[in-house]
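# Reading the structure
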Amino acid sequence: HIDEELSADVIRKLFEMPRLQALDFCASSSTPFRDAMMTVFRSTRSLDLPQVMPITRLSFHECTILPSAIFESLLPRLPYLTHLDVTHTRITDNALGLLPRSARLTHLNLSKCSSLSGEGVVQFLSTHPAVKDTLVYLNLLMDAKSHEMLDENDVTALLPMLPSTLKSLS
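Residues numbered from 1 in each chain as written. Predicted model: local features only at pLDDT ≥ 70, side-chain atom pairs only at ≥ 80, totals over all residues. Heavy atoms only, no water.

For the rest of this paragraph, the subject is the pattern of salt bridges. In the structure shown here, the tally under the stated rule is two salt bridges. A salt bridge links Asp9 to Arg12; the shortest N-O distance between them is 3.5 Å. In this pair, Asp9 and Arg12 are both assigned in helix 1 (residues 8-16), three residues apart and thus about one turn of the helix distant. A relative accessible area of 57% means that Asp9 is categorised as exposed. A relative accessible area of 5% means that Arg12 is categorised as buried. Two residues, Asp35 and Arg34, come together in a salt bridge whose shortest N-O distance is 3.0 Å. Classification of Asp35 as partly exposed rests on a relative accessible area of 36%. Among the residues examined, Arg34 registers a relative accessible area of 24% and is labelled partly exposed. (Salt bridge = Lys/Arg side-chain N within 4 Å of Asp/Glu carboxyl O. Helix = DSSP H or I, 4+ residues; strand = E, 2+ residues; numbered from the N terminus. Buried < 20%, exposed > 50% of the residue type's maximum accessible area, 1.4 Å probe, protein only.)

Now the structure itself:
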């Protein structure tokens, strides 16, 4: 629980590290963390960040406070991404679609992402090259009491389109 200690300067430094392969911000949901991320990714200074980052594994699991604009700025810079966990975040269909075509996701966790639409997720999973023939683990868990991403039609459309590489589906 160091998210309140992560200033914009620290976050900027992390994303500028030329050999950094994995970042896990799990449960970072404090206002100072959100403000620091927004300072780094929504300002004109974000142009100073590398346009291509070496990160292969990224987790924002339960970072409920981050706006989708953070993902819209960050994801296009991750062409080597293999693992993405955005459980219970505000990621949108648009932000997810900005993943580079060169990314090769093997693990994708979209559970409890209430800003994603079923149609958008089906579209992404059936057409985006980053998941086409590489996906091994997929989590689309939803809490039916608060939000339901996939309806019956979405599930019917999605199941036949899932890649043969998939070993785990939630």
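Another point: helix 1. Looking only at helix 1, the buried set comprises Ala8, Ile11, Arg12 and Phe15. Buried residues of helix 1 fall within an arc of 100° about the axis and therefore sit on the same side. Along helix 1, exposed side chains directed more than 90 degrees from the buried face belong to Asp9 and Lys13. Close packing links the buried residues of helix 1 with strand 1 (22-24), helix 2 (31-41) and helix 3 (68-74). (Arc of directions from axis to C-beta. Contact = heavy atoms within 4.5 Å.)

The next point concerns the environment of Ser29. Considering the arrangement of structural elements, one finds Ser29 in the loop between strand 1 and helix 2. Once the C-alpha coordinates of Ser29 and Glu4 are considered, the two residues, 25 residues apart in sequence, prove to be 8.8 Å apart. The residues contacting Ser29, other than those within four sequence positions of it, are Asp3, Glu62, Cys63, Thr64 and Ile65.

What follows deals with the sheet that holds strand 6 (residues 168-169). Within a sheet, neighbouring strands are paired by backbone hydrogen bonds and run either parallel or antiparallel to one another. The sheet built from six strands is open, its strands ordered 1-2-3-4-5-6 with parallel pairing. Bordering the open sheet on either side are strand 1 and strand 6, each of which pairs with just one other strand. Where strand 4 (residues 107-109) meets strand 5 (residues 137-139), three bridges bridge the pair, whose relative direction is parallel. Paired with His107 across the two strands is Tyr137, which belongs to strand 5. (Pairing = 2+ DSSP bridges.)

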